[in-house]
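Descriptive analysis of the structure
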Amino acid sequence: MLSAVRRVFSRRDFDVVAKHAATVFVGQIAVMGFGVVDTIVAGRHAETSLAALSVGSAIFVTVYVSLMGLLQALLPIWSEMHGARRHADIGPSLRQSLYICMAASAAGMAVLFHPAPILRWTEVPADLQPLVESYLAIVGWSLPAALLFRVFSTVSQALGRPQLVTWLQAVSLLVKLSLSIWFTFGGLGLAPMGVIGCAWATFAVNFFLCGVGWMLLRTQSLYAPAQIWRKLERPHGPTLLQFTQLGVPASLSILVEITSFTLMALYVARMGTAASGAHQIAANVTALMYMVPLSLAIATSARASYWRGAGDELRARHVVFMGLLSAMLLATVLSCVVLIGRSWIVPVYTHTPEVAAIAVGLLAWVSLYHLADATQTVSIFVLRSYRITFAPLLVYCGLLWGMGLWGGFQLAYKGLGSMDALRSPIAFWMCAAGALVLAAACFVALLQQVTRKAVQRSMV
């Protein structure tokens, strides 16, 4: 009888996680479509535009995603409140997160408006630097809007209702597609702007998402029990400390992960526009594939946190490993598809033979990279549900910055051990894939230990 009840509960949780993940996936694909649109548009405009986009978007994404981690890390807190039926506590907590959002926006804009030291340090070609700086000067003003939309997205996911977020992201993709083409190539009285047009399209879409998202928070009955629209309280020290203890290590972990990827792009830029363009294609394919485990990670974390808030640690553990196994199986399928079909994928992005030849080789390593990336993504999201954030940060620093980035740089430009310098982006992807394999193994072992102890404590 007990086993039958567990099977029913497991099936119900699977359905909830699958539906949540599928909805988030559609929205995330729409968001990633922004990058795909810009990559294709810039690639069709000029090789220089594609190279500038590769560097500029890498810097913006680094800043945005790192700061987004401060807000995304609040998902377990709001999901636990939802599970414990403490809906009225979500509103004050969300309003306190606005102080985090304001501080994050100021810090991020300071970096985006002054990128010259980063560009010089990474030795981005001098002829690309002014174009990259102009790109960042535009998208930098949209950072506060992008982070405010992340607050709306996170609270919707915490409530287990991401549908409004997804619909909004899907509509915004159509807006982005139209504006990127129009601004880049011109028409209807507008002069062509090149890659700068992609920046203005990003600016417009981020404010569109923010404005409509917060209007939905005010008008939709789904959010009414959370009592969000109340007077903004003064900063509350204990609440902000809790946010900081959870969000800062999580944000730093994302910073390490994304900077290892961004610096890879900047170091590859030294090899010329062909190598940089090929790397941008590989990075874009990787980002698209990443949306599958990311969606599962968000859904699994929300559901596990819900059951933790409800006091059912055993059921939370079942959800954790159900989500992890699902991500690993889907990653295997996706990796095989990219490995087999890479010769058909690359021509979608570029018609330049030199860029295409390098990109086809990179996608073979992307397949291995994704297998490990999917495993570690779900693991690290769920570890945040158990308030484990510092240990993953240490693992990331040692492996992603050490083995992945430093090892890739050595292998690409100086040689590593008995291997001569490859002078190819493949060196970075080889080392990054190896680093993620080890990181995934560490996180799964830690997750196994943490969830088992949580169940044991709940039974005492």
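Quick caveat, the model's predicted, so the values are computed rather than measured.

Definitions and cut-offs
Residues numbered from 1 in each chain as written. Predicted model: local features only at pLDDT ≥ 70, side-chain atom pairs only at ≥ 80, totals over all residues. Heavy atoms only, no water. Helix = DSSP H or I, 4+ residues; strand = E, 2+ residues; numbered from the N terminus. Rg over C-alpha atoms; globule rule 2.2 N^0.38 Å. Contact = heavy atoms within 4.5 Å. Areas by Shrake-Rupley, 256 points an atom, 1.4 Å probe, with all protein chains shown as cover. Lys, Arg positive; Asp, Glu negative; His and termini not counted. Charge placed at Lys NZ, Arg CZ, Asp CG, Glu CD. Core = buried A, V, L, I, M, F, W, Y, C linked by side-chain atoms within 4.5 Å. Buried < 20%, exposed > 50% of the residue type's maximum accessible area, 1.4 Å probe, protein only. Polar contact = N/O pair within 3.5 Å; in protein donor to acceptor, adjacent residues only side chain to side chain. Phe/Tyr/Trp six-rings, centres within 6.5 Å; stacked < 30°, edge-to-face > 60°. Axes fitted to C-alpha atoms, helices over the stretch in contact; angles between N-to-C directions. Parallel < 35°, antiparallel > 145°, perpendicular 65-115°, else oblique. Nonpolar A, V, L, I, M, F, W, Y, C, P; charged D, E, K, R; others polar. Disulfide = S-S within 2.5 Å. Salt bridge = Lys/Arg side-chain N within 4 Å of Asp/Glu carboxyl O. Patch = residues over 30% accessible without salt bridge, like charges linked within 9 Å, V, L, I, M, F, W, Y side chains within 5 Å. pLDDT = per-residue confidence, 0-100.

What follows is about the overall build of the chain. In terms of helices and strands, the chain carries 15 helices and zero strands. Against the globule reference of 23 Å for 460 residues, the chain gives a C-alpha radius of gyration of 22 Å, in line with a compact fold. Residue pairs at least 24 apart in sequence account for 82% of intrachain contacts in the chain once pairs closer than 6 positions are excluded. Summed over its atoms, the accessible surface of the chain is roughly 18,700 Å², and 69% of this surface lies on carbon and sulfur atoms. Across the chain, 30 positive and 16 negative side-chain charges occur, with their mean positions spaced 12 Å apart.

Counting 144 residues, the largest nonpolar core has Trp78, Leu143 and Phe152 as its most contacted members. Setting aside anything within four residues of it in sequence, one finds Trp78 in contact with Ile90, Ser93, Leu94, Ser97, Val151, Thr154, Val155 and Ala158.

Our next topic: the environment of Gln72. Within the secondary structure layout, Gln72 lies in helix α2 (residues 47-72). By relative accessible area, Gln72 is classed as buried at 6%. Sequence separation between Gln72 and Trp182 is 110 residues, and the spatial gap between their C-alpha atoms is 33 Å. A polar atom in the side chain of Gln72 sits 3.4 Å from the side chain of Arg150.

The geometry of an aromatic ring pair is captured by the separation of the ring centres together with the interplanar angle, meaning the angle of the planes. One pass over the full model with this rule turns up 15 aromatic pairs. Here Trp200 and Phe203 contribute two aromatic rings whose centre-to-centre distance is 5.5 Å and whose plane-to-plane angle is 75 degrees, an arrangement assigned as edge-to-face. With Trp200 and Phe203 both in helix α9 (residues 195-219) and three residues apart, the pair spans about one turn of that helix. You can call Trp200 partly exposed: its relative accessible area is 37%. On the numbers, 6.4 Å between centres and 70 degrees between planes, the contact of Tyr413 with Phe428 is edge-to-face. With a gap of 15 residues between them, Tyr413 in helix α14 (residues 390-414) and Phe428 in helix α15 (residues 426-458) connect regions that are remote in the sequence.

What follows deals with the packing of helix α12 (residues 313-349) against helix α13 (residues 353-385). Their axes nearest at 9 Å, the elements α12 and α13 cross at an angle of 175 degrees. As judged from the angle between their axes, α12 and α13 are roughly antiparallel. Classifying every residue of the contact of α12 with α13 gives 19 nonpolar, eight polar and one charged.

Running from N to C, helix α3 (residues 75-83) and helix α4 (residues 90-112) cross one another at 170 degrees; their axes reach a closest spacing of 10 Å. The angle between the axes of α3 and α4 places the two elements in the roughly antiparallel class. Here Ile77, Trp78 and Met81 of α3 come into contact with α4, specifically with Ile90, Ser93, Leu94 and Ser97.

Turning our eyes to something else, we now look at the state of the cysteines. Simply put, disulfide is the name for a covalent bond between the sulfur atoms of two cysteines. Here the structure, examined in full by the defined rule, presents zero disulfides. Here Cys431 stays unpaired: no disulfide links it, and the sulfur of Cys442, its closest cysteine neighbor, is 17 Å away. Looking at Cys431, the relative accessible area reads 10%, which means it is buried. The thiol of Cys442 is unpaired, and the distance to the nearest cysteine sulfur, on Cys397, comes to 13 Å.

Our next topic: the pattern of salt bridges. Within this structure, the stated rule accounts for seven salt bridges. Its salt-bridge partner being Arg315, residue Asp13 comes within 2.7 Å of it at the nearest N-O pair. Note that Asp13 is positioned in helix α1 (residues 2-45) and Arg315 in helix α12, a separation of 302 residues in sequence. With relative accessibility at 2%, the residue Asp13 sits in the buried group. One salt bridge connects Arg308 with Glu313, and the closest N-O pair in it is separated by 3.1 Å. On the basis of relative accessible area, Glu313 is assigned to the buried category, the value being 11%. Taken together, the shared-partner salt bridges connect Asp13, Arg303 and Arg315 into one network.

Within the secondary structure, His20 sits in helix α1. Along the primary structure His20 and Val61 are separated by 41 residues, whereas in three dimensions their C-alpha atoms are 25 Å apart. Residues contacting His20, with those up to four places away along its chain left out, are Gln157, Gly160, Pro162, Ile298, Ala299 and Ala302.

Turning our eyes to something else, we now look at unusual backbone geometry. Non-glycine residue Arg85 carries a positive phi angle of around 65 degrees. Checked against the element boundaries, Arg85 lands in the loop between α3 and α4. At Arg387, a position not held by glycine, the phi torsion is positive, near 65 degrees. Relative to the elements of secondary structure, Arg387 occurs in the loop between α13 and α14.

Where nonpolar side chains cluster on the molecular surface, the patch consists of Leu177, Ile181 and Phe185 and spans about 240 Å² of accessible area. Among the secondary structure elements, Ile181 is positioned in helix α8 (residues 163-185). Assessed through its relative accessible area of 40%, Ile181 is described here as partly exposed.

Take the confidence of the model for the chain next. Confidence along the chain averages 87 in pLDDT terms, with 96% of residues attaining 70 or more. Confidence scores differ between elements of the chain, with α1 showing the lowest mean pLDDT of 76 and α4 the highest of 93. Long-range and interchain partners of residues 1-9, a stretch whose pLDDT sits below 50, account for two contacts in this model, where long-range means more than four residues apart.

Before going further, it helps to spend a moment on the environment of Ile281. Residue placement: Ile281 occurs in helix α11 (residues 273-309). Assessed through its relative accessible area of 1%, Ile281 is described here as buried. When the C-alpha atoms of Ile281 and Arg120 are compared, they prove to be 24 Å apart, with 161 residues separating the residues in sequence. Filtering out sequence-adjacent residues up to four positions away, Ile281 remains in contact with Tyr349, Thr350, Val355 and Ala359.

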